[in-house]
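Fold and contact review
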Amino acid sequence: MAYDADPASLDPHEQLSGATLQLSHLVFDPLVRFRQDLTLEPRLAKSWEQIDARTTRFHLRDDVLFHSGRKMTAEDVVWTFNRLKQSPDFKALFEPFEAAQAVDAHTVDLITKGPYPLVLNLATYIFPMDREFYTGTDSRGQPKDAVVKHGSSFASANMSGTGPFIVTKREQGIRLEFKRFDECWDKTSPGNAEEIVLTPIKEPATRVAALLAGDVDFIGPVPPTDLKRVEASSCCDLVTVQSPRVLTFELNQDRVEAFKDPRVRKAMSYAISREAIAKKIMRGQATAAGQLSPPGYAGHDPALTPPYDLAKAKALMKEAGYEDGFSVSMVAPNNRYVGDARIAETVAAMLAKINIKVDLQTLPKAQYWQRFDARDGDMLMIGWQSDTQDSANFYEFLVMTPDKTTGYGQYNAGNYSNPEVDRLTLETQSMTDPEARAKVLKGIERIIYEDAALLPLQWQHLAWAARKTVKIKPVVNVIDMPYLGDLVIE
């Protein structure tokens, strides 16, 4: 198989990214997971129940082995939960939780700080790790359980999970090999892939050519320019779905004084024709976005349409005192999101019309994340899919005031801060009335829209392709985490 890139690390808690979660579903297994229709199905937790307003009890399978051969218990779940609470990237997800407690060897309670409507959604991100495997120190005397971003650690190069595959060989940026774990608990899975070789192929045309030539069996993503070509081929099947992932630019207020002025941010928003980008660059394989929440989410407001008015953009720049413009740097990946580099080039050209001169740098994903985490750029591209399939997750990570203690704002590289957004977002965490909660979420979305806190561009569609004997349709999904343990090859 070939993706546009391989995971930057083998540590499931180092980077909150799609590649990390795709890897987790190969080598680990969550307590529960989403089906294609976004209902939940049992995995390592065979059942669950609400004990009280703050406690959800999970009953674990008693036949689960780690790749090390050790039996999984509730203590491994607790250990994993506690590590998630320490991860810079994941801690904000679990900030509403107070603790995980082992009731007995195969029962664990997740306890929240108050009523919280998304407990089961977050259980999809608890992939129990082998606590004994990750306990102690490595050959350098460093703790094996350390979470080290963009660094060398035991967990970034070694894995012991409960999932359907074991990593057998890894050459970063070149090749990642897996073999099936014969002792995997899931004996009902139809999956029959014995080995997987993942080759990162950055160039979209090269990736498609490899599939059509039979050099690889499965690819993702398929670029919009090649959809018809793949669809017309006799050798392969194409699968496309709409995705809730939003692609946006963040405006770094710590580096650019002008970005602190909402008139400038609004001018930039008005200068970008999202519809043109979706139509011409993405060939219709994206939906223009004026807000973070996609249609169907509780916070989505149909009235918040993608703004475009070049005359208004120029007027706002003049009003703010920047009629002559200014210069900024823009940093974007070139192998993370479909069309990422071309979209960045197009946005840069559109901003030039209001005299904002953009120095664009595009980088491979691994280098890009280092720049992003260092906030090393004036405009930074980020794509975000809600981890909870809920609107609040967008605000918690992309818009709330950055806070290293809680993890909120971890991906807010613009350093935007609005106390009202922070207050309302936290308020939604304990709201159990769906209608009242949706009203507050829509209110947050409107504040972000009217303040031009960041620049949402589009919700990207997903596309995969495979040889006709490789049955990918049942295992791909809108969250872009193919369950390849269940893949059937004829």
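Scroll up a little and you will see the structure.
Reference entry: report on the structure contained in this document. These numbers were taken from a predicted model, which means no experiment stands behind them. (Residues numbered from 1 in each chain as written. Predicted model: local features only at pLDDT ≥ 70, side-chain atom pairs only at ≥ 80, totals over all residues. Heavy atoms only, no water.)

A grouping of Lys-279, Lys-280, Lys-314 and Lys-353 is seen on the molecular surface, where their side chains present a positively charged patch. Counting through the fold element by element, Lys-353 comes out in the loop between helix 9 (340–352) and strand 16 (356–363). The class for Lys-353 is partly exposed, based on a relative accessible area of 48%. (Patch = residues over 30% accessible without salt bridge, like charges linked within 9 Å, V, L, I, M, F, W, Y side chains within 5 Å. Areas by Shrake-Rupley, 256 points an atom, 1.4 Å probe, with all protein chains shown as cover. Salt bridge = Lys/Arg side-chain N within 4 Å of Asp/Glu carboxyl O. Lys, Arg positive; Asp, Glu negative; His and termini not counted. Charge placed at Lys NZ, Arg CZ, Asp CG, Glu CD. Helix = DSSP H or I, 4+ residues; strand = E, 2+ residues; numbered from the N terminus. Buried < 20%, exposed > 50% of the residue type's maximum accessible area, 1.4 Å probe, protein only.)

Our focus in this paragraph is the nonpolar core. One finds Met-268 and Met-379 to be the most contacted residues of the largest nonpolar core, which totals 141 residues. Ignoring anything within four residues of it in the chain, the contact list for Met-379 reads Phe-249, Glu-250, Leu-251, Phe-259, Met-268, Val-328, Ser-329, Met-330, Val-331, Leu-351 and Leu-455. One finds Ile-201, Val-216, Ile-219 and Ala-463 within the second-largest nonpolar core, a separate group that totals 13 residues. (Core = buried A, V, L, I, M, F, W, Y, C linked by side-chain atoms within 4.5 Å. Contact = heavy atoms within 4.5 Å.)

On to the packing of helix 7 (residues 274–281) against helix 9, then. Contact geometry for helix 7 and helix 9: axes closest at 11 Å, N-to-C directions at 140 degrees. Classified by the angle between their axes, helix 7 and helix 9 sit oblique to one another. Of the two elements, helix 7 crosses helix 9, and the hand of that crossing is right-handed. Only Arg-342, Ile-343, Thr-346, Val-347 and Met-350 of helix 9 make contact with helix 7, whose side of the interface consists of Ala-276, Ile-277 and Ile-281. Classifying every residue of the contact of helix 7 with helix 9 gives 6 nonpolar, 1 polar and 1 charged. (Axes fitted to C-alpha atoms, helices over the stretch in contact; angles between N-to-C directions. Parallel < 35°, antiparallel > 145°, perpendicular 65-115°, else oblique. Left-handed = near helix turned anticlockwise from the far one by under 90°. Nonpolar A, V, L, I, M, F, W, Y, C, P; charged D, E, K, R; others polar.)

Time to look at the sheet that holds strand 1 (residues 2–3). Across the sheet, which stays open at both edges, the 7 strands sit in the order 8-9-10-1-11-19-12 with mixed pairing between neighbours. Of all the strands in the sheet, the pair left with one neighbour each is strand 8 (165–171) and strand 12 (236–241). Relative to strand 9 (residues 175–180), helix 1 (residues 18–27) is tilted by about 25 degrees, and along the sheet it contacts strand 1, strand 8, strand 9 and strand 10 (195–200). Here helix 4 (residues 204–212) sits on the sheet in contact with strand 1, strand 11 (218–220), strand 12 and strand 19 (462–467), set at roughly 165 degrees to strand 11. (Pairing = 2+ DSSP bridges.)

Before going further, it helps to examine the side chain of Asp-186. Of note, Asp-186 is situated in the loop between strand 9 and strand 10. Residue classification places Asp-186 among the buried positions, given a relative accessible area of 13%. A polar contact is formed between the side chain of Asp-186 and the side chain of Arg-43, at a distance of 3.1 Å. Polar contacts involving the side chain of Asp-186 include one to the main-chain amide nitrogen of Ser-189, which spans 3.2 Å. With residues near it in sequence (within four places) discarded, Asp-186 still touches Arg-43 and Asp-486. (Polar contact = N/O pair within 3.5 Å; in protein donor to acceptor, adjacent residues only side chain to side chain.)

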